[in-house]
Amino acid sequence: MKQKIRLVLLPILIISFIALNFNGCAKKDLTKVRLNEVTHSVFYAPQYAAISQGFFEEEGLEVELTNGGGADKVMTALLSGQADIGFMGPEATLYVYNEGKEDHAVNFAQLTKRDGSFLLAREPDPNFSWDKVKDTHIIAGRKGGVPEMTLEYVIRKHGLVPNKDVNCDTTIQFNLMAGAFTGGTGHYVALFEPTASMLEKEGKGHIVASIGKDSGELPYTVYSAKKSYIEKNKDIIQKFTNAIYKGQLWVEKSSYEEIAKAIKPFFPDAEDQLLVTVVKRYKDQDTWAKDPVMKPEALDLLQQIMSEAGELDQKVPYQKVVTTEFAGNAIKEVK
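Residues numbered from 1 in each chain as written. Predicted model: local features only at pLDDT ≥ 70, side-chain atom pairs only at ≥ 80, totals over all residues. Heavy atoms only, no water.

A. Spotlight on the overall build of the chain. In terms of regular secondary structure, the chain is built from 16 helices and ten strands. A buried classification covers 52% of the 335 residues belonging to the chain. Per element, the accessible surface of the chain, about 15,600 Å² overall, is 53% carbon and sulfur. Between the averaged position of the 40 positive side-chain charges in the chain and that of its 45 negative side-chain charges there is a distance of 6 Å. (Helix = DSSP H or I, 4+ residues; strand = E, 2+ residues; numbered from the N terminus. Buried < 20%, exposed > 50% of the residue type's maximum accessible area, 1.4 Å probe, protein only. Areas by Shrake-Rupley, 256 points an atom, 1.4 Å probe, with all protein chains shown as cover. Lys, Arg positive; Asp, Glu negative; His and termini not counted. Charge placed at Lys NZ, Arg CZ, Asp CG, Glu CD.)

Have a look at this one:
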């Protein structure tokens, strides 16, 4: 009897051993990529969907995701070698290029194509118009950051002069803006999701305008890497871009509920229905780029906005800070 049991158990143990080793080897075969994101927001749903749906693993990559808390900090991590890829507004790459750095950052894939922030007031205002911000105090974001400059651009579009007709406060750190507003600072605040909807649900703020709807299309958040990293790791950059494009395609064809479910692990404290609401808001206003190609005319508009804000001394040639090689290949390869 003991001999029979051994004969039965032996194949099972061998198969289990092989399976465990196979899984271990499969995981070891994944190449780790350190990705530093500008902030953590539903605004970046295609990225989180690409992770949760296994698109990076399909490409042989393991993403180590960290929150940089602002484009300036992401760029610092990128240039210092603490991150392989930075996810931020492309304004940071323009600043670094104009500083004359030889191994500057290059943008290789775009995720969002318009501003993802919303203007919140202290009271509901269904009849809000931008002329109402005259002589008020807006917590606007970090000076020189795309969110703050885009807000100023929208204000100018409506005939007002930032910091003359309206106080655009840039003294408060990006991650502290919601807390400052709920603590009593300002008449308005510009916030990303899900923070904006969470404040609204708590009755501490009320969304009155979409800054993205009023600003038009921009290369708002993009993936960047140092020129040297791209040259030495073209295969990794291509695989990464493929995974992002798969995420973009998946989000485009999926329902609000499916997207909310896919990104839920990244927002465990957010209620399911709130995530659905936020996803719907972003998808309905055509927030996410359909593919990862960063277009010249979009970068031109961004540089115009930066110049009007007094933050760009010299225009940067598109081909110096953008490569479409990997995005173009992804569109051809991924079906």
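B. Representation of the sheet that holds strand β5 (residues 118-121) within the structure. As summarised here, the arrangement of the five strands in space is β7-β6-β8-β5-β9, forming an open sheet in which the pairing is mixed. Looking at the sheet topology across the chains shown, the edges are occupied by β7 (167-169) and β9 (206-210). Neighbour-to-neighbour, the strand axes of the sheet open up by a mean angle of 30°, direction not taken into account. As paired elements, strand β6 (residues 137-139) and β7 share three bridges and run parallel to each other. Paired with His137 across the two strands is Asn167, which belongs to β7. (Pairing = 2+ DSSP bridges. Axes fitted to C-alpha atoms, helices over the stretch in contact; angles between N-to-C directions.)

C. Up close: the confidence of the model for the chain. For the chain, per-residue confidence averages 92 on the pLDDT scale, and 92% of positions sit at 70 or higher. When the criterion is pLDDT under 50, residues 22-26 qualifies, and its contacts beyond four places in sequence or with other chains add up to zero contacts. (pLDDT = per-residue confidence, 0-100. Contact = heavy atoms within 4.5 Å.)

D. A look at the nonpolar core. Counting 84 residues, the largest nonpolar core has Phe108, Tyr223 and Phe240 as the members making the most contacts within it. Sort the elements by how many residues they give to this core and helix α11 (residues 234-253) lands first, with seven residues. Phe240 has contacts with Val33, Leu35, Phe56, Leu61, Ile85, Phe108 and Tyr223, leaving out every residue within four places of it along the chain. Ranked by size, the runner-up nonpolar core spans 18 residues in total, among them Ile138, Val154, Tyr188 and Val208. (Core = buried A, V, L, I, M, F, W, Y, C linked by side-chain atoms within 4.5 Å.)

E. How the structure looks around the sheet that holds strand β10 (residues 221-226). Overall, mixed pairing links the five strands, which are arranged β2-β1-β3-β10-β4 in an open sheet. Pairing within the sheet leaves two strands with one partner each, and these edge strands are β2 (61-67) and β4 (105-112). Each strand axis lies, on average, 25° off the axis of its neighbour in the sheet, ignoring direction. Here strand β3 (residues 85-88) runs beside β10; their pairing, made up of three bridges, is antiparallel. Along β10, the bridge assignment pairs Phe87 with Tyr223. Running over the sheet, helix α2 (residues 45-52) touches β1 (31-37), β2, β3, β4 and β10 and is turned about 140° from β2.

F. Examining the layout of surface pockets more closely. Considered as a void within the structure, the largest pocket measures approximately 290 Å³ in volume. Around the largest pocket, the lining is made up of 16 residues, and of these Thr39, His40, Phe174, Asn175 and Thr195 lie nearest the centre. A breakdown of the residues in the lining of the largest pocket according to their chemical character gives nine nonpolar, six polar and one charged. One number sums up the size of the second largest pocket: a volume of about 160 Å³. If you trace the second largest pocket, you find it lined by Gln110, Lys113, Glu217, Ala289, Lys290, Asp291, Val293, Met294, Lys295, Glu297 and Ala298. Counted by class, the lining of the second largest pocket contains four nonpolar, one polar and six charged residues. (1 Å grid on protein atoms, 1.4 Å probe; cavity = no way out; pocket = protein on both sides within 12 Å on 5 of 7 lines; lining within 4 Å. Points joined across faces, edges and corners; volume = space filled by probe spheres on them. Nonpolar A, V, L, I, M, F, W, Y, C, P; charged D, E, K, R; others polar.)

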